[in-house]
Amino acid sequence: MSPSYGPPEMMAVAMARLIRDGELVFVGVNSPLPLVAASLARRLHAPSSTLLSIGGGINPTPDKLGPATSNARLSVGSASVFDNVDFYGLVARGGVDTTFLGLAQVDERARVNSSFIGERQRPAVRFPGGGGAAAILPLSRRVILWRASHSPRIFVKEVPFVTSAGNIDRIVTPLCIFRKEKGKLVLDSLHPYVVRERLVESTGFAIKNLDAAPLTPPPTEGELAELRRVDPDGVRRVEFPARELSAA
Amino acid sequence: MSVPQPQLEFPLESVSTNRTEVAPGSNVVLKDFQRELVHREELYIWAATRAPLDLVTARSRRRWTSPGESAGLLASAGLFRGGERSMNKQLALEDAARLITDGQVITIGGTLCQRVPAAFVREMARQGVRDLELVKPSPGYDIDLLAAAGCVRRIRSGIVSLEQPFGMAPNFRRAVEEGRLEVIENACPTIMASLQGASFGVPFQPVAGLEGSDIPKVSGFGKVADPFTGKEVYVVPAIRPDWAIIHVNEADVRGNARIYGSPVWDRLMSRAAKRCILTAEKILPTEHFAAQPELTVIPEVFVEAVVPARGGAWPTSSYPEYDVDEDAMWSYLERLSEHDGLARYLEESKSHDRSGIEVAA
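Residues numbered from 1 in each chain as written. Chains lettered and ligands numbered in written order. Predicted model: local features only at pLDDT ≥ 70, side-chain atom pairs only at ≥ 80, totals over all residues.

**Observations concerning the overall build of chain B**
Turning to step 1, where the next piece is worked out: Along its length, chain B carries 12 helices and 17 strands.
Turning to step 2, where the next piece is worked out: Looking at chain B as a whole, 52% of its 361 residues are labelled buried.
Turning to step 3, where the next piece is worked out: For chain B, the share of sequence-separated contacts (at least 6 apart) that also reach a separation of at least 24 residues comes to 74%. (Helix = DSSP H or I, 4+ residues; strand = E, 2+ residues; numbered from the N terminus. Buried ≥ 20, exposed ≤ 12 C-beta atoms within 10 Å, placed from the backbone. Contact = placed C-beta atoms within 7 Å.)

Pasting the structure below:
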């Protein structure tokens, strides 16, 4: 692997490439990588995409990106303040093209659990909750999921609770990109620094299209240069557990 | 742990006594900013009466009432809050927090670690209120601390997080996994809809989306046929919290308030709850709000109490005054992982929290 990029850069660039020019893109809470990706896309191939931030801004121009994506500084430079009630109204009426959403667990049928494992009243594991995902996944035209970690406890055969399900287009991880095809997750591409055995070991279900899937094109020098300009403080790395950064 | 102290905007002379006098027109604040003062003609009246006087005054002294006298004087001046509604709703933090009683349903403004009325949350924990139900789409620092303090028995939420770089709310998580705190699973917009139902005065509210989710089933949502088209839609019950507690940038003593940056859910919360308690970075004259009424996010008719609370969102942010204090957030997490850490944390932050008083110009 080229020393000039690792999983954070690969993920940020891969997520940016999924944004199409002209789209209205929503970036919610707890979403550093999507914030970097959407900001990057507007500087590269999607200058006419619109970034709607849960911080309250439309195409905000803050001094710098920070790790908290609900920060009201993400309304700086915006000509209006767009609050949470406005956003959920817009997505409900079909006005959002692409939404990025996180996940605690996802299964091979692309169902997401971000709620809990075990008994509801006294769960073995409590997750943060899905935020707006249960409403957004069926309503946003397209949803891109991401998780800065990839293990058999995250990518499971069957989730014990379905927090949300719906219009998932891609799932981007430090190892690969999945797409949803006929209701099932299928390997879309494998990141250039990942051997297929590692992906198999890290995933809790049999991976469809494992052998035929291409490698994700590595970030170009141009993409990396722009990424460093958009995100000089490395917000793209904040979600990664240390082991993911060192294992690459 | 570093605790920011409020900055005074005018020179003050310190007085420490049980009885003193101040001149009309002088700037008067209480040392440690603990108490409300009401200026009426030549009297300064101690309106909240639960601690020894410890004054800071400017210039000369006039007459100062005793705690016992103040209620009567306030009543004769039409300012006492026990009877008819006063236009001056200022209360000290401790007194406003006493409005919240065991078993009530509350909603708290801000989101995650942004513009949370954190001083008020800590004061509730200090006072040991119990069995609250918190209704909030996106709690963070507030529920983490209240869960650690055992104040909340049930929460309805969409997502609970301290956000990056802190991640999940560990004290919330522990309380839920130990069975001390029940989560009624929601999505952010289903809480929003429950509050909208309350704000509109209707018994339930339709919500778009949710298809394929287990949330409606485990949380008791309904599904009804649209009487006009026959199409089915999910519905959630209206929820009217007893209190909305909201941190704002600016308020007047009547409870008109501005929020800079996104109001997040707070505009809706103020309309949905039975009554609203504001904590405010700045108390400003009503004329400031009347000059541009379209900037007032929360009108006085919803508001019961206004707490002067400069720095009242710390260690969460209050845009544009201050950002999340990351060092203080890490200190908080470290403190609460220690034995008796919560009690020490609440003690260490007490003078900061109770120091927010300002007298309106």
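**Brief notes about the sheet that holds strand S12 (residues 184–190) of chain A**
All names here are of chain A.
Turning to step 1, where the next piece is worked out: With mixed pairing, the 7 strands of this open sheet are ordered in space as S2-S1-S3-S8-S10-S11-S12. Each having just a single partner strand, strand S2 (50–53) and S12 make up the two edges of the open sheet. When strand polarity is set aside, the average angle formed by the axes of neighbouring strands in this sheet is 25 degrees.
Turning to step 2, where the next piece is worked out: Looking at chain direction, strand S11 (residues 176–181) and S12 are connected through 6 bridges and run antiparallel. The residue of S12 that forms the bridge with Ile177 is Ser189.
Turning to step 3, where the next piece is worked out: Contacts from helix H2 (residues 32–43) reach strand S1 (24–27), S2, strand S3 (98–101) and strand S8 (142–146) within the one sheet, and its direction differs from that of S1 by about 155 degrees. (Pairing = 2+ DSSP bridges. Axes fitted to C-alpha atoms, helices over the stretch in contact; angles between N-to-C directions.)

**A word on the interface of chain A and chain B**
Turning to step 1, where the next piece is worked out: Listed per partner, the contact involves 43 residues of chain A and 43 residues of chain B.
Turning to step 2, where the next piece is worked out: Of all elements in the fold, only helix H3 (84–92), strand S7 (123–126) and helix H4 (133–139) of chain A reach the threshold of two or more residues within the side of chain A that touches chain B.
Turning to step 3, where the next piece is worked out: Tallying contributions element by element places H4 of chain A first for the side of chain A that touches chain B, with 6 residues.
Turning to step 4, where the next piece is worked out: Among the residues making up the side of chain A that touches chain B, the classes are represented as 21 nonpolar, 16 polar and 6 charged. (Nonpolar A, V, L, I, M, F, W, Y, C, P; charged D, E, K, R; others polar.)

**Examining unusual backbone geometry**
Peptide bonds are mostly trans, and most non-glycine residues show a negative phi.
Residue and element names in this part refer to chain B.
Turning to step 1, where the next piece is worked out: A cis geometry characterises the amide bond from Gln164 onward to Pro165, with omega recorded as 5 degrees.
Turning to step 2, where the next piece is worked out: Within the secondary structure layout, Pro165 lies in the loop between strand S9 (152–157) and helix H5 (170–177).
Turning to step 3, where the next piece is worked out: In the segment running from Tyr319 into Pro320, the intervening peptide bond is cis, with an omega of 0 degrees.
Turning to step 4, where the next piece is worked out: Of note, Pro320 is situated in the loop between strand S17 (303–308) and helix H10 (326–336).
Turning to step 5, where the next piece is worked out: Not every positive phi belongs to a glycine, and Val264 is a case in point at roughly 55 degrees.
Turning to step 6, where the next piece is worked out: Looking at where Val264 falls in the secondary structure, it is placed in the loop between strand S15 (257–258) and helix H8 (266–272).
Turning to step 7, where the next piece is worked out: Located in the positive-phi region is Asp340, a residue other than glycine, with phi close to 60 degrees.
Turning to step 8, where the next piece is worked out: Among the structural elements, Asp340 can be located in the loop between H10 and helix H11 (341–348).
Turning to step 9, where the next piece is worked out: Here Asp340 falls in the exposed class, since 8 other C-beta atoms lie within 10 Å of it.

**Focus: the packing of helix H4 (residues 141–148) of chain B against H5 of chain B**
A pair of packed helices can be characterised by two numbers: the angle between their axes and the separation between those axes.
All names here are of chain B.
Turning to step 1, where the next piece is worked out: Two elements in contact, H4 and H5, have axes separated by 7 Å at closest approach and are oriented at 50 degrees. With respect to their mutual orientation, H4 and H5 come out oblique. Remark: the crossing between H4 and H5 carries left-handed chirality. Contacts between H4 and H5 involve Ile143, Asp144, Ala147 and Ala148 on the former and, on the latter, Asn171, Phe172 and Ala175. (Parallel < 35°, antiparallel > 145°, perpendicular 65-115°, else oblique. Left-handed = near helix turned anticlockwise from the far one by under 90°.)

**Here we look at the nonpolar core**
Turning to step 1, where the next piece is worked out: By size, the foremost hydrophobic cluster in this structure holds 160 residues, and its most contacted members are Ala12, Met15 and Ala37 of chain A together with Leu146, Leu278 and Val307 of chain B.
Turning to step 2, where the next piece is worked out: Among the domains, domain 2 (93–186 + 240–353) and domain 3 (202–237) of chain B are the pair contributing at least three residues each to this core. (Core = buried A, V, L, I, M, F, W, Y, C linked by C-beta atoms within 7 Å. Domains from an automatic or database assignment.)

**Some words on the confidence of the model for chain B**
Residue and element names in this part refer to chain B.
Turning to step 1, where the next piece is worked out: Of the residues in chain B, 75% have a pLDDT of 70 or more, and the chain-wide mean is 82.
Turning to step 2, where the next piece is worked out: Every residue in residues 1–85 is under pLDDT 50, and counting partners more than four places away or in other chains gives 153 contacts.
Turning to step 3, where the next piece is worked out: Model confidence for the complex: the whole-complex pTM is 0.86, and ipTM, which rates the interface, is 0.95. (pLDDT = per-residue confidence, 0-100.)

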